[in-house]
Amino acid sequence: MPEMPTKLAEIVEEFAAAPRDVVLEMLLEYADVIPPLAADVDREGMEQVPECQTSFFLRAEVDPDRSVRTVFDCPPEAPTTRAFAGILAEGLAGASAEQVLAVPDDLYQRMGLAQAISPLRVRGGTAILARLKRQVREQAG
């Protein structure tokens, strides 16, 4: 059975081992990972994640070699949500469809974020992951 990508597993471990009082600070560092949506990309074909408190859109693309590319669109004024996406963007870079589907659904709880941020935000992050995995599953067949 495939495992989640090594890079993502390392991020999860780093968070899980961190003292509670620095977790939020660590999380927010990932908000800068998400680049603004490229000028030639629009939200057409992107899926909105209504569970997020802010307007958040995503798209997963499975290439013929089964590697997954992610596209996220999230406003700068939503740093926590951007950080969730940043963790996925960095942790899943170059991952195969099988590795993406192997990511545990309770990823953010495993990172210890449930104690650091509101349940509503954790639910938004969990919804981002669930929709990403569903898109990958649909394309990977």
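Here's what I pulled together on the structure shown here. Residue numbers run consecutively from 1 along every chain, following the written order of its sequence. The model is predicted, so local features are restricted to residues of pLDDT at least 70 and side-chain atom pairs to those at 80 or more, both for listing and for counting; the totals for chains, interfaces and linings are taken over all residues. The basis for every side-chain value is the complete set of heavy atoms in the structure, and neither hydrogens nor water enter the calculation.

1. Things to note about helix α3 (residues 79-91)
Now for step 1: Only DSSP runs of H or I covering at least 4 residues are called helices, and only runs of E covering at least 2 are called strands; the numbering of each starts at the N terminus. Expected span, for any helix, means 1.5 Å times one less than how many residues it has. Compared with an ideal rise of 1.5 Å per residue, which puts 13 residues at 18 Å, α3 spans 18 Å between its outermost C-alpha atoms and is within 8% of the ideal.
Now for step 2: In terms of residue burial, α3 counts as a mostly covered element, since ten of its 13 residues are buried.
Now for step 3: Think of it in three bands: with a 1.4 Å probe and only protein chains considered, a residue is buried below 20% of the maximum accessible area for its type, exposed above 50%, and partly exposed in between. All of the buried residues along α3 are T80, T81, R82, A83, F84, A85, G86, I87, L88 and G91.
Now for step 4: Of the surrounding secondary structure, the elements contacted by the buried residues of α3 are α1 (6-17), α2 (20-29), β3 (68-73), α5 (107-110) and α6 (119-140). Residues are treated as being in contact if the distance between any of their heavy atoms lies within 4.5 Å.

2. So, the sheet that holds strand β1 (residues 47-48)
Now for step 1: Note: two strands are recorded as paired if DSSP finds a minimum of 2 bridges between them. Pairing in this open sheet of three strands is antiparallel, and the strands run β1-β2-β3 from one edge to the other. Only two strands of the sheet have a single neighbouring strand rather than two, namely β1 and β3.
Now for step 2: Looking at chain direction, β1 and strand β2 (residues 57-62) are connected through two bridges and run antiparallel. Its bridge partner being in β2, Q48 is matched across the sheet by F57.
Now for step 3: Only the stretch in contact is used when a helix axis is fitted, and all axes are lines through C-alpha atoms; the angle between N-to-C directions ranges over 0 to 180 degrees. Those strands touched by α6 are β1, β2 and β3, and its axis lies near 30° from that of β2.

Without other data, these values stay purely geometric and don't point to any function.
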